[in-house]
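Here is how the chains run, residue by residue.
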Amino acid sequence: MRLKSIIFALLCATLLVGCCSACRQRQKNMKPLKGTEWHLVQLEGKDVELPINSFNITLGEDGSIAGVAACNRLLGHYAVTENYAINFGQVGTTMMLCPENGELESQFTAVLGGITHYDIDGDQLILLQQGVIKALFKALPSSEVAK
């Protein structure tokens, strides 16, 4: 009976070490929320293929959001609180007429206004509204950001 207890304890310890190792690996590969340039790849459940220089956001350390949508610059503020809650204040844009993706730009800025939470999985930023995924972003590599 004692041998079974020892084997069970060793098995539990092995599983625990494996889980902790996986958690550390996930955290190590996660991009930071702030300072990363995020590129939109999905909006309201639909995949979008967009030029690398559009539909990008960067969240600043000072609570600012900056980026570009279809052809207009975005700017505004955000606040992060506990449990991955995030709130984007009024996101403003310049007012140029965008011949391509203008409607998507309006939808994009409206979605940002309703976001309540976020999650990061590796190089993906997931924005949620009351538990529903509304937007999915992929981190741009440093070489892409410089372009």
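Details of the structure are given in the entry above.
Residues numbered from 1 in each chain as written. Predicted model: local features only at pLDDT ≥ 70, side-chain atom pairs only at ≥ 80, totals over all residues. Heavy atoms only, no water.

A.B. asks: Just checking my understanding: could you explain the packing of aromatic side chains for this structure?
C.D. replies: Each pair of aromatic rings is reported with the distance of its centres and the angle of its planes. Taken as a whole, this structure holds four aromatic pairs when the rule is applied. Ring centres of Phe-108 and Phe-137 lie 6.1 Å apart, and the angle between their planes is 55°; on these two criteria the pair is classed as tilted. With Phe-108 in helix α2 (residues 102-114) and Phe-137 in strand β10 (residues 132-139), the pair connects residues that are 29 residues apart, well separated along the chain. Summarising the burial analysis for this pair, Phe-108 and Phe-137 share the class buried. Members of the aromatic cluster, joined through ring pairs, are Phe-55, Phe-108 and Phe-137. (Phe/Tyr/Trp six-rings, centres within 6.5 Å; stacked < 30°, edge-to-face > 60°. Helix = DSSP H or I, 4+ residues; strand = E, 2+ residues; numbered from the N terminus. Buried < 20%, exposed > 50% of the residue type's maximum accessible area, 1.4 Å probe, protein only.)

A.B. asks: Got a minute to help me understand the environment of Gly-45 in this structure?
C.D. replies: By the element assignment, Gly-45 lies in the loop between β1 (37-43) and β2 (46-47). Sequence-wise, Gly-45 and Leu-136 are 91 residues apart; in three dimensions their C-alpha atoms are separated by 8.7 Å.

A.B. asks: Can you walk me through the nonpolar core in this structure?
C.D. replies: Here is a general trend for soluble globular proteins: nonpolar side chains tend to be buried in one another's company. Grouped together as the largest cluster of nonpolar side chains are 30 residues, with contacts concentrated most on Leu-40, Phe-55, Phe-88, Phe-108, Leu-125, Leu-127 and Phe-137. Looking at this core, the elements with two or more residues in it are β1, β3 (56-59), β5 (73-80), β6 (86-88), α2, β8 (117-121), β9 (124-129) and β10. If near-sequence neighbours (up to four positions away) are discounted, Leu-125 is found in contact with Leu-33, Trp-38, Tyr-118, Asp-119, Ile-120, Ala-135, Leu-136 and Phe-137. (Core = buried A, V, L, I, M, F, W, Y, C linked by side-chain atoms within 4.5 Å. Contact = heavy atoms within 4.5 Å.)

A.B. asks: Could you clarify how one ought to interpret α2 in this entry?
C.D. replies: In an α-helix, one full turn covers 3.6 residues, which means residues spaced three or four apart are oriented alike. Given a rise of 1.5 Å per residue, 13 residues ought to cover 18 Å, and the 19 Å separating the end C-alpha atoms of α2 matches this to within 8%. If you check which residues of α2 are buried, you get Leu-104, Glu-105, Phe-108, Thr-109, Val-111 and Leu-112. On an axial view of α2, the arc spanned by its buried residues comes to 155°, and they lie on one face. Facing away from the buried side of α2 by over 90 degrees, the exposed positions are Glu-103 and Ala-110. (Expected span 1.5 Å × (residues − 1). Arc of directions from axis to C-beta.)

A.B. asks: Sorry, what's going on with the pairing of strand β4 (residues 64-68) here?
C.D. replies: Moving residue by residue along a regular strand, the side chains alternate between the two faces of the sheet. Sheet topology note: the β3/β4 ladder contains four bridges and is antiparallel. Looking at β4, one finds that Asn-56 is bridged to Val-68. From the end of β3 to the start of β4, which pair antiparallel, there are four residues, and Gly-63 there has a positive phi angle of about 85°. When β4 meets β5, the two strands line up antiparallel, connected through five bridges. Looking across to β5, one finds that Gly-67 is bridged to Leu-74. Connecting β4 to the next strand, β5, in antiparallel fashion are four residues. (Pairing = 2+ DSSP bridges.)

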